[in-house]
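Here are the chains, one letter per residue:
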Amino acid sequence: MAGKKTGLESFAWKGWRIFYQKKPVKNLRLRLDDAGRFRLSLPLFCPEEKVVEFLSKNEAWMGQIWARFKEREGRKDELLFLGRGYRVLFDANLKKTRFEKNLIKSPSKEDLDKFLRQNARIIFLHFLKKWGRKTGLFHTHLSIKTMRTRWGSCNSKKGYINLNLRLLQKNLRAIEYVILHELAHLKHPNHSEEFYAFLAENMSDFRQREGEFY
């Protein structure tokens, strides 16, 4: 399998270029990153025929996710809020950020950022409390950060949960999935079979919700 100078190995498959990395994981995982590259995580010992079988099984999904990515690329001048695009208008005469039809009007970028963080905390805490009650898994501290490569992370020993501010771009179902995903790590620190069984037991459509991120 030939590679490009990207820090990852890559190979061509049915018109796609697949970037891959071998990791100490049990299962193959495929995602589309922010640069529009398909990235495949492989177990350390994985036969090529298994890779081809996995990609063939996910071929239709790859086409759908790529189309969704190109659509988002064409709307980069918009601000996405809970899955919907808004044009942002700054007006120094305004006292605070507000919605107006397909517009978000704000006195400044600083006030808009404050508005987004306030709403993120309200929404994130709502789902953390909801799923804490349902699962018995409770966080001890929430941090909201702007992260490039993760939607969330969890310190299972301390009960700390970090969530990406950019989650506000997604719809509520997708946000809820990430929060349950991170809470699940309080019980199952790794992406084990038990971890995914826990997700399936508590959120039967978690795979569909997960698809919002690819």
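Residues numbered from 1 in each chain as written. Predicted model: local features only at pLDDT ≥ 70, side-chain atom pairs only at ≥ 80, totals over all residues. Heavy atoms only, no water.

Q: Please explain the packing of aromatic side chains as it appears in this structure.
A: By convention here, two paired aromatic rings are described through the distance between centres and the angle between planes. Within the structure shown, the criterion is met by 10 aromatic pairs. Seen in terms of ring centroids, Phe11 and Tyr20 are 5.7 Å apart; in terms of plane orientation they differ by 55°. Their pairing is tilted. Classification of Phe11 as buried rests on a relative accessible area of 9%. The interplanar angle of 25° and the centroid separation of 6.3 Å between the aromatic rings of Tyr196 and Phe206 together place this pair among those described as stacked. In this pair, Tyr196 sits in helix α5 (residues 193–202) while Phe206 sits in helix α6 (residues 206–210), placing the two residues 10 residues apart along the sequence. The residues Tyr196 and Phe206 share a single accessibility class, namely buried. Connected via pairs of aromatic rings, a cluster forms that spans Phe81, Tyr86, Phe99 and Phe115. Between the NZ or CZ atom of Arg166 and the centre of the ring of Trp151, over which it lies, the distance is 4.7 Å. (Phe/Tyr/Trp six-rings, centres within 6.5 Å; stacked < 30°, edge-to-face > 60°. Buried < 20%, exposed > 50% of the residue type's maximum accessible area, 1.4 Å probe, protein only. Helix = DSSP H or I, 4+ residues; strand = E, 2+ residues; numbered from the N terminus. Lys NZ or Arg CZ within 6 Å of the ring centre and 35° of its normal.)

Q: Explain the packing of helix α4 (residues 172–184) against α5 to me, please; I cannot follow it from the model alone.
A: Between two packed helices, what matters for the description is the angle formed by their axes and the separation of those axes. Viewed as axis vectors pointing N to C, α4 and α5 meet at an angle of 135°, and their least axial separation amounts to 10 Å. Taken together, the axes of α4 and α5 are oblique relative to one another. As α4 runs across α5, the sense of the crossing is right-handed. The residues of α5 that touch α4, namely those facing Tyr177, Leu180, His181 and Ala184, are Phe195, Phe198, Leu199 and Asn202. Its residues placed into classes, the contact of α4 with α5 shows six nonpolar, two polar and no charged. (Axes fitted to C-alpha atoms, helices over the stretch in contact; angles between N-to-C directions. Parallel < 35°, antiparallel > 145°, perpendicular 65-115°, else oblique. Left-handed = near helix turned anticlockwise from the far one by under 90°. Contact = heavy atoms within 4.5 Å. Nonpolar A, V, L, I, M, F, W, Y, C, P; charged D, E, K, R; others polar.)

Q: Explanation requested: the sheet that holds strand β2 (residues 16–23) in the structure shown.
A: Note on sheets: strands pair through backbone hydrogen bonds, and any given pair is parallel or antiparallel. The four strands are arranged β1-β2-β4-β3 in an open sheet whose pairing can be described as mixed. At either margin of the open sheet sits one strand with a lone partner, and together these are β1 (9–13) and β3 (29–32). Taken pair by pair, the neighbouring strands of this sheet meet at an average axis angle of 30°, ignoring direction. Pairing of β1 with β2 involves five bridges; the strand directions are antiparallel. Bridge assignment links Trp13 to a residue of β2, and that residue is Trp16. Contacting β1, β2, β3 and β4 (38–43), helix α1 (residues 48–57) crosses the sheet at an angle of about 60° to β1. (Pairing = 2+ DSSP bridges.)

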